[in-house]
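Results of the structural survey
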Amino acid sequence: ARFPATFYFFFTFSRILLLFASKRPPSLMMRLGALLMLVGAACLRAASYVRETRGPDAAPTGVFLACVALIGVGTCPQMGSVLATLRQHGALTSRQQGQYRTAAALGNTMGMWLPGVIGLPTSEAFWAAAAVSIVTAMARDFPMGSPKLEEAQGVRKLPSL
């Protein structure tokens, strides 16, 4: 019971912190969240590997809880910030919004199923790497700065797909 409680405590705590960080662009919060997820998932995978190969005393439970806390903090800004970012940085058609919601629902479903097949540490590492890859590959839709700053710097917007 400590693992889900740790995850949701830090997930909820992050929501409170995001209220104070609302002046920042949502894409920045989303990118930072994706990176925190990746760090937490990589540490979780490494800690589970150490425990598998060297025995249960090699990686204390506190290490696992810290990894789960990082994943909770990183997961928090993902859902709301993605949609806010897409709306803030370009025209979002109803079809694109439907595609986003469908992908989010499919991702949630896979997130509940996949850990039963390949294990939680591996699936978390996979999801975190996918999140970082998506925000990096789609930098046009998830820019680091605010639209006003980009406009002042002369950044050219590309048409949406």
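The paragraphs below set out a description of the structure included in this document. This is a predicted model, so every value here is computed, not measured. (Residues numbered from 1 in each chain as written. Predicted model: local features only at pLDDT ≥ 70, side-chain atom pairs only at ≥ 80, totals over all residues. Heavy atoms only, no water.)

1. A short note on the nonpolar core
Core analysis: the largest hydrophobic core is formed by 23 residues, its most contacted members being Val 82 and Phe 142. For this core, the elements supplying multiple residues, two or more each, are α1 (2-20), α2 (26-54), α3 (61-75), α4 (78-88) and α6 (120-137). A per-element tally of this core places α2 first, with six residues. For Phe 142, the residues in contact, after removing those within four places along its chain, are Ser 27, Met 30, Arg 31, Val 82, Thr 85, Leu 86, Ile 134 and Val 135. (Core = buried A, V, L, I, M, F, W, Y, C linked by side-chain atoms within 4.5 Å. Buried < 20%, exposed > 50% of the residue type's maximum accessible area, 1.4 Å probe, protein only. Helix = DSSP H or I, 4+ residues; strand = E, 2+ residues; numbered from the N terminus. Contact = heavy atoms within 4.5 Å.)

2. Remarks on the environment of Val 50
Here Val 50 is to be found in helix α2. What makes Val 50 partly exposed here is its relative accessible area of 24%. The residues touching Val 50, leaving out its near neighbours within four places in the chain, are Gly 55, Ala 58 and Ala 59.

3. Some points on the side chain of Arg 31
Residue placement: Arg 31 occurs in helix α2. Looking at Arg 31, the relative accessible area reads 15%, which means it is buried. Within the structure, Arg 31 has its side chain in polar contact with the backbone oxygen of Val 135 (distance 3.0 Å). (Polar contact = N/O pair within 3.5 Å; in protein donor to acceptor, adjacent residues only side chain to side chain.)

4. Focus: the packing of α2 against α6
Packing of α2 against α6 brings their axes to within 8 Å, and their N-to-C directions diverge by 155°. Considered as vectors, α2 and α6 are oriented roughly antiparallel to each other. Seen from above, α2 lies across α6 with left-handed handedness. Counting all contacts with α2, which are made through Met 30, Arg 31, Ala 34, Leu 35, Met 37, Leu 38, Ala 41, Leu 44, Arg 45 and Ser 48, the residues of α6 involved are Pro 121, Thr 122, Glu 124, Ala 125, Trp 127, Ala 128, Ala 129, Ala 131, Val 132 and Val 135. Its residues assigned to classes, the contact of α2 with α6 shows 15 nonpolar, two polar and three charged. (Axes fitted to C-alpha atoms, helices over the stretch in contact; angles between N-to-C directions. Parallel < 35°, antiparallel > 145°, perpendicular 65-115°, else oblique. Left-handed = near helix turned anticlockwise from the far one by under 90°. Nonpolar A, V, L, I, M, F, W, Y, C, P; charged D, E, K, R; others polar.)

5. Quick notes on the packing of α1 against α3
Axis separation between α1 and α3 bottoms out at 7 Å; the angle between their running directions is 35°. Relative to α3, α1 is oriented so that their crossing is right-handed. Here Arg 2, Phe 3, Thr 6, Phe 7, Phe 10, Phe 11 and Ser 14 of α1 lie close against α3, whose contacting residues are Thr 61, Phe 64, Leu 65, Val 68, Ala 69, Ile 71, Gly 72, Val 73 and Thr 75. Here the contact of α1 with α3 is built from residues that sort into 10 nonpolar, five polar and one charged.

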